[in-house]
Amino acid sequence: MEEKRWIPTPADQFTFGLWTVGNRGRDPFGDAVRESIPPTTTVKELSRLGAYGVTLHDNDLVPEDASLAEHDRIVKQFQAALSDYHMAVPMVTVNLFYDPVFKDGALTSSAKPVRTYAIEKAQRAIDLGVQLGARIFVLWGGREGSETDAARDPRQAFSHYRDSLNALTSYIRGSHYDMKIALEAKPNEPRSDIYLPSTGAMLAFIQTLDHPELVGVNPELAHAKMAGLNPVHEVAQAIDAGKLFHIDLNDQRIGRFDQDLRFGSDDLKGAFYLVKLLEDSHYAGPRHFDAHPYRTEDYAGVWDFAAGCMRSYLIYRDRAQQFARDPDIQEMLQAIERLNADETVIRSAEDRKRWGQHGYAYEKLDQLVNELILGVR
Ligand code: GLT
Ligand code: MN
Ligand code: MN
């Protein structure tokens, strides 16, 4: 095999959150199994593996209660590592979920002081992003939800969410920042229910904002799967709406807890069609991995995980290109196209019967694609 096709380079625009490779393997039933990795080490190691950049939450880099001097020292040191290793920061986000202050919501909290603190924290994270050269600001509302709907009329939560987002776009405009917001949906976990649980719900909500042009989506494959949805269709809808500002690539089994598996590791077919969609639609943004190494791994396993995400993407991309070149698959697609090109108006029972009776040969087509993905074509 021509191995070098699958070696990542910065031109592939692969990025990882500091929190992804840095995940310490803590879960609701068990403690951390790895020490945290200094952000500058992550930058160095990912650059060595061929990544394009890193992304971060405000507090992945700067502790919440850092003094101004400390903040500057940390950011400077980080910027030096970025420049030494030629790594970019295309996206930043804000942690509005870890601190207990957010236990009943951040931007949707019914308490004004909590909402205001969340908005100001987000504004500081936007400032940090601008300092690092990011042009996308992701908002994942892990705490924007409820355990019991007795707590609040959900309409009130939407209204607070809208006001908060309007405050953020107004801040971006007022500061003349070149920054857009990407909303990331998730159906549940850590809350029983999270408001606006799918990318489709986010897309509809965006249209109710003061500046919808500044707000798009950041679909995460695993989150769509948790809701039992097809991520390929979610992402396609976002592309169709001109709203795919960013994407979180990982993997997940339907019906499980939030697994954040290595990209392309579980649902091979789903990953194939997703990569094919991104490539066919000339998606120009970063390919961002938001996944965690297994809890079983030591540091060597962490970097195997990161390398695996990128290598898998390249292999799926290679397979997608092969799909376009495969003579049997292309011949079948052309036959289907010819069938669908028949423009005879359906007027009679006979006409309906003709359409109802012909076969589409999707069984054969799907088998061919499976064999292509499995590498035997
Ligand atoms: C958290 C979550 C992710 C989000 C991150 C951004 S934080 O790890 O599980 O899906 O993208 O806030
Ligand atoms: Mn995510
Ligand atoms: Mn996730």
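Numbers given to residues run from 1 along each chain, matching the order in which its sequence is written. Following the order in which they are written, the chains are lettered starting with A and the ligands numbered starting with 1. In view of the model being predicted, local features appear only for residues whose pLDDT reaches at least 70, and side-chain atom pairs are presented and counted only at 80 or more, with totals across whole chains, interfaces and linings using the full set of residues. Hydrogen atoms and water are omitted, and side-chain values are computed over all heavy atoms in the structure.

### Concerning the coordination of the manganese ion (ligand 3)
Next up, step 1: Coordination sphere of the manganese ion (ligand 3), protein contribution only: Glu-220 (OE), His-223 (NE2) and Asp-260 (OD), at 2.2 to 2.6 Å.
Next up, step 2: Note: metal donors comprise N, O and S atoms at 2.8 Å or less from the metal (3.2 Å for Na, K and Ca); water molecules are not included, so apparent gaps in a site are possible. Coordination of the manganese ion (ligand 3) draws on donor residues from a single chain, spaced E-x2-H-x36-D in sequence.
Next up, step 3: Taken as a pair, the manganese ion (ligand 3) and the manganese ion (ligand 2) show a spacing of 4.6 Å, with Glu-220 coordinating each metal. Pair noted here: His-223 is in helix H8 (residues 221-226) and Asp-260 is in the loop between strand S9 (248-249) and helix H10 (268-280), with a separation of 37 residues, a long-range link. Across this residue pair, the class does not change: His-223 and Asp-260 are buried. The numbering of helices and of strands both runs from the N terminus, where a helix is a DSSP run of H or I of at least 4 residues and a strand a run of E of at least 2. Remark: exposure states derive from per-residue accessible area (1.4 Å probe, protein chains only) relative to the maximum for the residue type, with buried under 20%, exposed over 50%, and partly exposed in between.

### Quick word on the layout of surface pockets
Next up, step 1: In this structure, the largest pocket encloses a volume near 1900 Å³.
Next up, step 2: Computed over the protein atoms alone on a 1 Å grid, cavities are sets of points where a 1.4 Å probe fits but cannot get out and pockets are open sets with protein on both sides within 12 Å along at least five of seven lines; a residue lines them when it has an atom within 4 Å of a point. If you trace the largest pocket, you find 50 residues lining it, with Trp-19, Asn-23, Arg-26, Phe-97 and His-292 closest to the centre.
Next up, step 3: Secondary structure elements with two or more residues in the lining of the largest pocket: helix H1 (18-21), helix H2 (39-49), helix H3 (58-61), strand S3 (91-93) and strand S4 (136-140).
Next up, step 4: Residues are grouped as follows: Ala, Val, Leu, Ile, Met, Phe, Trp, Tyr, Cys and Pro are nonpolar; Asp, Glu, Lys and Arg are charged; all remaining types, including Gly, are polar. When its residues are assigned to classes, the lining of the largest pocket shows 19 nonpolar, 14 polar and 17 charged.
Next up, step 5: Grid points are joined across faces, edges and corners, and a volume is the space filled by probe spheres set on the points. By volume, the second largest pocket amounts to about 350 Å³.
Next up, step 6: Lining the second largest pocket are 19 residues; nearest its centre among them are Pro-90, Arg-135, Ile-136, Phe-245 and Pro-286.
Next up, step 7: In the lining of the second largest pocket, the residues fall into 12 nonpolar, 4 polar and 3 charged.

### Thoughts on the packing of aromatic side chains
Next up, step 1: Pairing of aromatic rings covers Phe, Tyr and the six-membered ring of Trp, with a centre-to-centre limit of 6.5 Å; geometry is then stacked below 30 degrees between planes, edge-to-face above 60, and tilted otherwise. If you walk through the whole model with that rule in mind, you get 14 aromatic pairs.
Next up, step 2: With centroids separated by 5.3 Å and ring planes inclined at 35°, the aromatic side chains of Tyr-360 and Tyr-362 adopt a geometry described as tilted.

### Re a nonpolar patch on the surface
Next up, step 1: Together, Leu-339, Tyr-360 and Tyr-362 make up a nonpolar patch on the protein surface, roughly 270 Å² of accessible area in all.
Next up, step 2: Following the sequence through the fold, Tyr-362 ends up in helix H14 (residues 362-373).
Next up, step 3: What makes Tyr-362 partly exposed here is its relative accessible area of 46%. Think of a patch as exposed residues, more than 30% relative accessible area, with no salt bridge, where like charges cluster within 9 Å and nonpolar side chains (Val, Leu, Ile, Met, Phe, Trp, Tyr) cluster within 5 Å. Methods summary: accessible areas were calculated by the Shrake-Rupley approach with a probe of 1.4 Å, and residue burial reflects only the protein chains presented. The term salt bridge refers to a side-chain nitrogen of Lys or Arg lying within 4 Å of a carboxyl oxygen of Asp or Glu.

### Some remarks on the coordination of the manganese ion (ligand 2)
Next up, step 1: The protein atoms donating to the manganese ion (ligand 2) are Glu-184 (OE), Glu-220 (OE), Asp-248 (OD) and Asp-290 (OD), with metal-donor distances spanning 1.9 to 2.2 Å.
Next up, step 2: Any site counts as irregular unless it has four donors with all angles between 85 and 135 degrees, making it tetrahedral, or four or six donors with opposite ones more than 155 degrees apart and the rest between 65 and 115, making it square planar or octahedral. If you look at the manganese ion (ligand 2), its 6 donor atoms make angles of 74 to 165° with each other, and the shape they trace is octahedral.
Next up, step 3: In the primary structure, the donors to the manganese ion (ligand 2) are separated according to the pattern E-x35-E-x27-D-x41-D.

Treat this as a map of the structure, not an account of what it does.
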